[in-house]
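# Descriptive structure summary
Here is how the chains run, residue by residue.
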Amino acid sequence: MTAFLARRLLRLIATVWVIVSAVFLATRLTGNPIDYLMPEGMDAEGRAAMIAYWGLDGPLLDQYMLFWRSLFAGEFGLGLMERRPVLEIFAERMGRSLGLLSLALVTTVSIGVPLGVLAAVWRHRAAGTWLLLAAFLGYAIPNFVLAILLLLLFSFTLHWLPSAGATTGWHYIMPVATLAAYFVAALVRYTRNAMLDVLGQDYIRTAHAKGLTPFVVLIRHGLRNALIPVVTVLGLQVATLVSGAVVIETVFAWDGMGDLLVGATLRRDYPVLQFGVLIVAGAVIAVNMLVDIAYAAIDPRVRLA
Amino acid sequence: MSATVLPIPSRWPAAPPLPRWLRAARWPLIIAGMLGLALLAAALLAPALAPFDPNAQKLLARLRPPIGFDRADARYWLGTDQLGRDILSRCLHGLRLSLALSLFGTTLGLGIGVAVGLIAGFARGWTDTLLMGLADVKLAMPFTLVALLVIALAGSSIPVLVTVLGLAYWAQFARLVRGQMLALRELPYVEAARAVGGTPWRVAVRHMLPNLIGPVVVMATLNFSNLILLESSLSFIGIGVQPPTATLGSMVGQGRDYLASAPWVVATPAGLIVLVSLVVMLLGDALRDRMDAALRGR
């Protein structure tokens, strides 16, 4: 286990190093960052002064060291639009994004896994077929199209749900539903297949032969084993979930991090973007790593790799 | 560290196959194939088919509904948008551009991925660890963020978009090709090719590459539908193809402000995106089943 942990830690460090370096290079290769930071029409003299002030005139290696030093010092610069520290801007919005993401994750698991089990149990019945067909549709419809359809139906036609903002519980329903739809669909198909694999095993027949009730066999012997690959894959899917949230937040005017980052892209607010990429990518990779470690702790087979 | 050979995929594995009745029944596939051909023809012939210039504005004919509704103008079959542009013409041109971007993006991603996979599987050792480590980093990143950063820095133009789309899925190809390479290099015919004095490069390109191209083609089909969705998402949030040029995603994105009063502006392109995505997925699934069967028979 120690060797496994050490390997994972090494990998985490290498990954973060690659990402930080890539962000650094990307911002340097496409022009002097000062041109993104400063208002247009600045004279050459002022520009030179600013470049010297921010330490952007030194050799690339020095700049790279400086970049790291400021990261460790917690200095991430000022947002171009709001003229405030980037950390402050993100701190305000992080909660709303995390709320959306975690609710979507809970919804996905609590709907997707039971439906996947049902789809496996009902594999020879019409209900199972319809379930799979619905899952296929959920898989193919892009999240922003689904969002628009829901808006059209529930906000503009029926007037049941608010169309924008993030204030009351009602505001959560549509964003969470659209974000979760794709993952529920994927989870149904994936759980079904994992269940069918497990239900074909000898130990399931043994459990039946011992006289256990079908429900106990299905849940305790079937689902528990089927869940191992399902949950691992789900944990590693956090990156896609975050990507989806970026789009969904702009549709529902959900002023979280995704909305902020899209706005920053449109206005070329590079300090905000740079920080956003670093922090979100770091968080996603850390979550992946935790899932990995949790699974290695539970399932010894994972450790041997 | 990346030489992990565990059956734990780091993404969703390709979607599990369709239910048997759907696979056995030929009709969904036939319909999907015919729809696919129709969509392809519409995209190729867009300039000839479109009744209007897709960017021509006619402010006197703004927000006309499709024919069959009140206030409809018979010349605009699917109605007009907020600037009086013909929605049918914009959809045709948008479809053309969306398909073209996804095609170029897939080709680029395939090229990068296959090259990286070949090199990694071929060189092994440190090169392999390094390249596959990069692929792992790519797979762990929320890609939309990378796309945002690249577009913010490089600006939004067609070449930048194609690059972004190409970078989106190269890692999957790289992993696939590397895995295949490692499996193939132990096979007798590869050993034979080496034994008769084939240079390593010749063995890799002439003997191994042709034998691993099948799964790569299947993966390209599956990724094609992902790229259509990615491109339309980027255009939808306003950082993809820039106005006035139409893609399906940007039509939905710009039309959503008129959702309450003029839902048809959004409905047609949105429906078209779903249709394209469904058709490509069905065809990709069918192709994969074919290839799997072929592989099993080997």
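Sequence order as written defines residue numbering, which begins from 1 separately in each chain. Chains and ligands are labelled sequentially in the order written, the chains with letters from A and the ligands with numbers from 1. With the structure being a predicted model, the display of local features is reserved for residues of pLDDT at least 70 and the display and counting of side-chain atom pairs for 80 or more, all residues being used for whole-chain, interface and lining totals.

We now examine the overall build of chain A. Going along the chain from the N terminus, every DSSP run of H or I of four or more residues is numbered as a helix, and every run of E of two or more is numbered as a strand. Along the backbone of chain A there are 14 helices and zero strands. Each helix and strand of chain A, placed in order from N terminus to C terminus, yields the pattern α-α-α-α-α-α-α-α-α-α-α-α-α-α. Atoms considered for the radius of gyration are the C-alpha atoms alone. The globule rule reads 2.2 Å times the number of residues to the power 0.38. Relative to the globule expectation of 19 Å for 305 residues, the C-alpha radius of gyration of chain A, 24 Å, shows a markedly less compact shape. By principal-axis analysis of the C-alpha atoms, chain A measures approximately 85 × 60 × 25 Å.

It is worth spelling out the packing of helix α5 (residues 125-140) of chain B against helix α8 (residues 170-184) of chain B at this point. Residues and elements named next belong to chain B. Only the stretch in contact is used when fitting a helix axis, every axis being a line fitted to C-alpha atoms; angles between N-to-C directions are given from 0 to 180 degrees. Following both chains from N to C, one finds α5 and α8 inclined at 140°, their axes separated by 9 Å at the closest point. With respect to α8, the axis of α5 lies oblique. In terms of crossing hand, the pair formed by α5 and α8 is left-handed. Contacts between α5 and α8 involve Leu 131, Met 132, Ala 135, Lys 138 and Leu 139 from the first element and Ala 171, Ala 174, Arg 175 and Arg 178 from the second. Think of it as three bins: nonpolar holds Ala, Val, Leu, Ile, Met, Phe, Trp, Tyr, Cys and Pro, charged holds Asp, Glu, Lys and Arg, and polar takes everything else, Gly as well. In terms of residue class, the contact of α5 with α8 is built from six nonpolar, no polar and three charged. Throughout this description, any angle smaller than 35 degrees is read as roughly parallel, any larger than 145 degrees as roughly antiparallel, any in the 65 to 115 degree range as roughly perpendicular, and the remainder as oblique. If you view the pair so one helix is near and one far, a crossing is left-handed when the near helix is turned anticlockwise from the far one by less than a right angle, and right-handed when it is turned clockwise. Residue pairs qualify as contacts under a 7 Å threshold applied to their C-beta atoms, which are placed from the backbone.

The next point concerns the interface of chain B and chain A. How big an interface is tends to be reported as the loss of accessible area on association of its parts. Opposite the 47 residues of chain B that make contact, chain A presents 53 residues. Those elements that place two or more of their residues in the side of chain B that touches chain A are α5, α6 (143-154), α10 (200-236) and α12 (264-296) of chain B. Ranked by residue count, the leading element in the side of chain B that touches chain A is α6(B), at nine residues. Within the side of chain B that touches chain A, the residues separate by chemical class into 37 nonpolar, eight polar and two charged.

Here the focus is the environment of A:Tyr64. The residue A:Tyr64 is located in helix α4 (residues 60-72) in this model. Remark: the alpha-carbon pair of A:Tyr64 and A:Leu161, spanning 97 residues in sequence, is separated by 49 Å.

In this structure, B:Pro244 follows B:Pro243 across a cis peptide bond, with omega equal to 10°. The backbone of A:His159 sits at a positive phi, close to 55°, despite the residue not being glycine. Position of A:His159 among the secondary structure elements: in the loop between α7 (143-157) and α8 (170-199). Positive phi values are uncommon outside glycine, yet A:Ala253 reaches one of about 50°. Along the chain, the position of A:Ala253 falls in the loop between α11 (238-251) and α12 (257-266).

Before going further, it helps to spend a moment on α5(B). Take the residue count of a helix, subtract one, and multiply by 1.5 Å to get its expected span. Between its terminal C-alpha atoms α5(B) stretches 22 Å, which fits the 22 Å expected from 16 residues at 1.5 Å a residue. Within the span of α5(B), buried status applies to B:Asp128, B:Leu131, B:Met132, B:Leu134, B:Ala135, B:Asp136, B:Val137 and B:Ala140. Packed against the buried residues of α5(B) are α1 (2-29), α11 and α13 (270-298) of chain A together with α4 (87-123) and α8 of chain B. Buried residues are those with 20 or more other C-beta atoms within 10 Å of their own C-beta, exposed residues have 12 or fewer, and partly exposed residues lie in between; C-beta atoms are placed from the backbone.

Turning next to the packing of α4(B) against α8(B). All names here are of chain B. The contact between α4 and α8 brings their axes to 7 Å, and the two run at 35°. Our pair here, α4 against α8, has a crossing hand that is right-handed. The residues of α8 that touch α4, namely those facing Gly 109, Leu 110, Ile 112, Gly 113, Val 114, Val 116, Gly 117, Leu 118, Ala 120, Gly 121 and Phe 122, are Trp 170, Ala 171, Gln 172, Phe 173, Ala 174, Arg 175, Leu 176, Val 177, Arg 178, Met 181 and Leu 182. Considered class by class, the residues forming the contact of α4 with α8 number 15 nonpolar, five polar and two charged.

All names here are of chain B. Residue-level confidence of the predictor is summarised by pLDDT, bounded by 0 at the bottom and 100 at the top. Chain-level statistics for chain B give a pLDDT mean of 81 and a share of 87% at 70 or above. Counted against residues more than four places away or in other chains, residues 1-13, with its pLDDT under 50, gives 25 contacts. Counted against residues more than four places away or in other chains, residues 294-298, with its pLDDT under 50, gives zero contacts. The ipTM, which scores confidence in the relative placement of chains, is 0.79 for this predicted complex, and the corresponding pTM is 0.81.

Note on placement: A:Pro175 falls in helix α8. For the pair A:Pro175 and A:Ala245, spaced 70 residues apart in sequence, the C-alpha to C-alpha distance is 8.6 Å.

It is worth spelling out the environment of B:Gly121 at this point. Residue and element names in this part refer to chain B. Looking at the element boundaries, Gly 121 is found in helix α4. By the C-beta count within 10 Å, which is 26 here, Gly 121 ends up buried. Along the chain, Gly 121 and Ser 102 lie 19 residues apart, while their C-alpha atoms are 27 Å from each other. With residues near it in sequence (within four places) discarded, Gly 121 still touches Val 177, Arg 178, Met 181 and Leu 182.

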